[in-house]
Amino acid sequence: MSATATPRILPFGDQPCTLALNDYLIDCSRVCEPQSDIREQWHDRGLVVLTGTGMRHLGELQRWAELIFDDFTAYEGGSAPRYKWSDKVFGLDDAPPTIDLCFHNEGCYLPEYPRCFVIGSVKAPAEGGFTLVADNNAATDRLLETSVGKALMEKGVRYVRRMQDKCATNVLGYKSWQETFYTNDPQEAETSVRAKGWDFEWLNDGTLRTSYTVDAYEYHEELSKPLFFAGLASHAAFFDQWSPYNVLADEERPLNMTLGDGQPFTNAQIATIYAAHNANSLALDWRRADLAMLDNLRWVHARPAYQLRDGEERVMGVTMGMMKPRQGPSPAMARW
Ligand SMILES: [Fe+2]
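All figures in this text were calculated on a predicted structure; none of them were measured in a lab.

*Asks:* Hey, could you go over a negative patch on the surface for me, with residue numbers and the actual values?
*Replies:* Taken together, the side chains of E66, D70, D71 and E112 define an acidic patch exposed on the protein surface. On the secondary structure map, D71 appears in the loop between α2 (61-65) and β3 (90-91).

What follows is the structure, encoded as structure tokens:
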């Protein structure tokens, strides 16, 4: 992969969505006590989009999330840079606006993941800046009809990360191990890595390289079936549009993802995974919606590239919880 090569995930977010925002929307300015409707829809359909909330600050996401869960996660071990709107609400500054952030389940590379993911906006551009979400149940059915979907069920998936030392010079960094594990002590970082069951090594330049092989599907108790639980946002292709990372080989990039046996994904396999999600997507238009509450196993999310005009801002936050340990495609089949 080189800087002049065509990005492997194309096109992104420029096709009509097959699902409609209105079908998931609750207007809180019209419903007297929306709490029970919100809980019921989240449990029945796994996606609730709210408008008319009067939300002015992203810290307010917490009180909406508390309708569903109260065990907020601190995002320890998370792969993307984060800052905070409150001690429970994170900002989103994962990537430049020019980068497509592909579909993923939040925390799919962790041994314990948030089942509920709440995302909201207080400022949006006049055009674009959507978040895409996709029905992972339908995507899983489609993916399991393909050879790569079957290979993922058989072999699992491997996440490889490179976390630089924040003090290192001449290292092309992304998210340092200090930021990832909230410590400056390498022994404490190692303790966190071991607790997650990840393999690791320290490279000569102070970079912490980790590797985690895990099932690519996760059992959904209420649907009584396994759902695909991974995402191309963890693949090195995420950096295809992002200079200077895009001149690096996949193995040298901050994030990469292979089949569980270490076999790289082919471009055709990447396209197949992307298409499975993209065929069942819905655009969260933040000019119409205030926040969305997702069952993070049942719905994936993504962010197409966008442009801001003079004076425009895109201000978003996320909070998550209802933590669940990975169990694999069925309660009896966790293997790694
Ligand atoms: Fe995300």
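Don't stop here, the text continues.
*Asks:* Describe the pairing of strand β8 (residues 199-202), with residues and values.
*Replies:* Sheet topology places β8 next to strand β9 (residues 208-214); four bridges connect them, and they run antiparallel. Paired with D199 across the strands is S211, a residue of β9. In this structure, the hairpin formed by β8 and β9 is closed by a connection of five residues, where G206 is found at a positive phi of approximately 90 degrees.

*Asks:* Which residues make up the environment of T18, and what values go with them?
*Replies:* Among the secondary structure elements, T18 is positioned in the segment before β1 (25-27). Owing to a relative accessible area of 54%, T18 belongs among the exposed residues under this scheme. Note: C-alpha distance between T18 and L47 (29 residues apart in sequence) is 15 Å. When residues no more than four places from it in sequence are discounted, the contact partners of T18 are A279, N280 and S281. In terms of polar contacts, T18 uses its side chain to reach the backbone carbonyl oxygen of A279, at 3.1 Å.

*Asks:* An account of the sheet that holds strand β13 (residues 281-284) is needed here, citing residue identities and associated values.
*Replies:* Picture the strands of a sheet paired through backbone hydrogen bonds; they go either parallel or antiparallel. Within the open sheet, the four strands sit side by side as β4-β15-β6-β13. Their pairing is antiparallel. The sheet terminates laterally at β4 (101-104) and β13, the two strands that pair on one side only. The average angle at which neighbouring strand axes cross in this sheet is 20 degrees, direction not considered. In this structure, β4 lies alongside strand β15 (residues 299-303), joined through two bridges in antiparallel fashion. Pairing of L101 across the sheet is with R303, part of β15. Sheet strands touched by helix α3 (residues 136-143): β6 (131-135) and β15. Its angle to β6, the strand with the most contacts, is close to 60 degrees.

*Asks:* How would you summarise the sheet that holds strand β12 (residues 255-259) if you had to cite specific residues and measurements?
*Replies:* Overall, antiparallel pairing links the four strands, which are arranged β8-β9-β7-β12 in an open sheet. One side of each edge strand has no neighbouring strand; the edge strands of this open sheet are β8 and β12. In this sheet, neighbouring strand axes are inclined to one another by 15 degrees on average, regardless of whether the strands run parallel or antiparallel. Looking at chain direction, strand β7 (residues 157-163) and β12 are connected through five bridges and run antiparallel.

*Asks:* Tell me about helix α6 (residues 186-195), and please be specific about residues and values.
*Replies:* If you check which residues of α6 are buried, you get A189, E190, S192 and V193. Down the axis of α6, the smallest arc covering the buried residues is 160 degrees, so these residues share one side. In α6, the exposed positions angled more than 90 degrees off the buried face are occupied by Q187, T191, R194 and A195. Residues of α6 that are buried sit in contact with α5 (177-181), β8 and β9. The N-terminus of α6 is capped by D185, whose side-chain oxygen sits 2.8 Å from the backbone nitrogen of Q187. Looking one or two places after α6, you find G197, whose phi comes out positive at around 80 degrees.

*Asks:* Describe in detail the packing of α3 against helix α7 (residues 267-278), supporting the description with residues and values.
*Replies:* As a packed pair, α3 and α7 sit with axes 8 Å apart at the nearest point and diverge in direction by 140 degrees. Viewed along their axes, α3 and α7 adopt a mutual orientation that is oblique. For the crossing formed where α3 meets α7, the hand is right-handed. Here N136, A139, R142 and L143 of α3 lie close against α7, whose contacting residues are T272, I273, A275, A276 and H277. Grouping the amino acids of the contact of α3 with α7 by side-chain chemistry returns five nonpolar, three polar and one charged.

How each quantity is defined
Residues numbered from 1 in each chain as written. Predicted model: local features only at pLDDT ≥ 70, side-chain atom pairs only at ≥ 80, totals over all residues. Heavy atoms only, no water. Patch = residues over 30% accessible without salt bridge, like charges linked within 9 Å, V, L, I, M, F, W, Y side chains within 5 Å. Areas by Shrake-Rupley, 256 points an atom, 1.4 Å probe, with all protein chains shown as cover. Salt bridge = Lys/Arg side-chain N within 4 Å of Asp/Glu carboxyl O. Lys, Arg positive; Asp, Glu negative; His and termini not counted. Charge placed at Lys NZ, Arg CZ, Asp CG, Glu CD. Helix = DSSP H or I, 4+ residues; strand = E, 2+ residues; numbered from the N terminus. Pairing = 2+ DSSP bridges. Buried < 20%, exposed > 50% of the residue type's maximum accessible area, 1.4 Å probe, protein only. Contact = heavy atoms within 4.5 Å. Polar contact = N/O pair within 3.5 Å; in protein donor to acceptor, adjacent residues only side chain to side chain. Axes fitted to C-alpha atoms, helices over the stretch in contact; angles between N-to-C directions. Arc of directions from axis to C-beta. Parallel < 35°, antiparallel > 145°, perpendicular 65-115°, else oblique. Left-handed = near helix turned anticlockwise from the far one by under 90°. Nonpolar A, V, L, I, M, F, W, Y, C, P; charged D, E, K, R; others polar.

Spatial relationships are all this shows, so hold off on functional conclusions.
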